[in-house]
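Spelled out from the first residue to the last, the chains are:
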Amino acid sequence: MIIGGMRSPAILQVATRAMRNAEAENSLLSPSKDVDLAFAGMILDAWHRNRRYVDSAAQPKAIPLTGKTPSVEALIRAERVAGDPVAMVQRLKSLKLIVRCGRGRYKPANRFAIVAEPNSLVQQHAVRSLSTLLKTIKENLATPRASRGLIERTAEVPDLPVECVAEFRDFARSQGWALLSTLNDWLESRRARGKGSNARETVGAGVHVFAYLGNPTRRRFNAKR
């Protein structure tokens, strides 16, 4: 806005109005607004790894939404997160991350928290992802030794043939899921749980993997070459 020529009072006016609109909209949301994609993914993953919630074939059981173990509410309570577990259950349901399976029972729609429709959760995820990336870059620049920095790397070519795009999507997805599965197992095995865990100092930690494609361009070759 400043580069575009706007004055500070005008910017403050726009920001103040945006904050008021955001606060008004936020007050109309349900108490489950503290559910994000990272939390939803954690719940779905726990549903696939907790022995109480899988059958003999290691597949997620169909369970009630609320009540004692096993239930979606109990699964959320086991993660010891702040907020109303029952409201969070309804939020997962409204996002279609859990689907009805039989009489009053539900199963996860997927092992991963995948939301295809644009909504406030996706917007929150986008902003959080950008903020996390910028924080990683900032911390790496401030770290004296490169070997102690967090991984932030890319694998990129400028000229992938368009006919390879579909193959790239599938290959990147399969390799990304394999990497994330290994990393998730490592992280889950080291979470602060059990007696005395409340007194331990903890931090949020994770790895975000995404693929990207540029705009198609036509390469021009010199006839003499």
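S.K.: Can you explain the nonpolar core? Please cite residues and give values.
M.R.: Counting 22 residues, the largest nonpolar core has W47, V72, I76 and L92 as its most contacted members. Elements represented by at least two residues in this core include exactly α2 (37-49), α3 (72-78) and α4 (85-94). Sorting elements by how many residues they give to this core places α2 first, with 7 residues. Those residues within four positions of W47 in sequence are excluded, and the remaining contacts are Y53, V54, P60, K61, I63, V72, L75, I98, Y106, K107 and P108.

S.K.: Talk me through a nonpolar patch on the surface; I want residue IDs and the actual numbers.
M.R.: On the surface, a nonpolar cluster with roughly 390 Å² of combined accessible area is contributed by L133, L134, I137 and L141. Counting through the fold element by element, L134 comes out in helix α5 (residues 120-142).

S.K.: Requested: an account of unusual backbone geometry, with residues and values cited.
M.R.: In this model, T69 is joined to P70 through a cis peptide bond whose omega is 0 degrees. With respect to the helices and strands, P70 occurs in the loop between α2 and α3. Here the phi dihedral of A58 falls at roughly 65 degrees; this positive angle occurs in a residue that is not glycine. Tracing the backbone shows A58 in the loop between α2 and α3. Here K96, not a glycine, exhibits a phi torsion of approximately 65 degrees, which is positive. By the secondary structure assignment, K96 is in the loop between α4 and β1 (98-100).

What counts as what
- Residues numbered from 1 in each chain as written.
- Predicted model: local features only at pLDDT ≥ 70, side-chain atom pairs only at ≥ 80, totals over all residues.
- Heavy atoms only, no water.
- Core = buried A, V, L, I, M, F, W, Y, C linked by side-chain atoms within 4.5 Å.
- Buried < 20%, exposed > 50% of the residue type's maximum accessible area, 1.4 Å probe, protein only.
- Helix = DSSP H or I, 4+ residues; strand = E, 2+ residues; numbered from the N terminus.
- Contact = heavy atoms within 4.5 Å.
- Patch = residues over 30% accessible without salt bridge, like charges linked within 9 Å, V, L, I, M, F, W, Y side chains within 5 Å.
- Areas by Shrake-Rupley, 256 points an atom, 1.4 Å probe, with all protein chains shown as cover.
- Salt bridge = Lys/Arg side-chain N within 4 Å of Asp/Glu carboxyl O.

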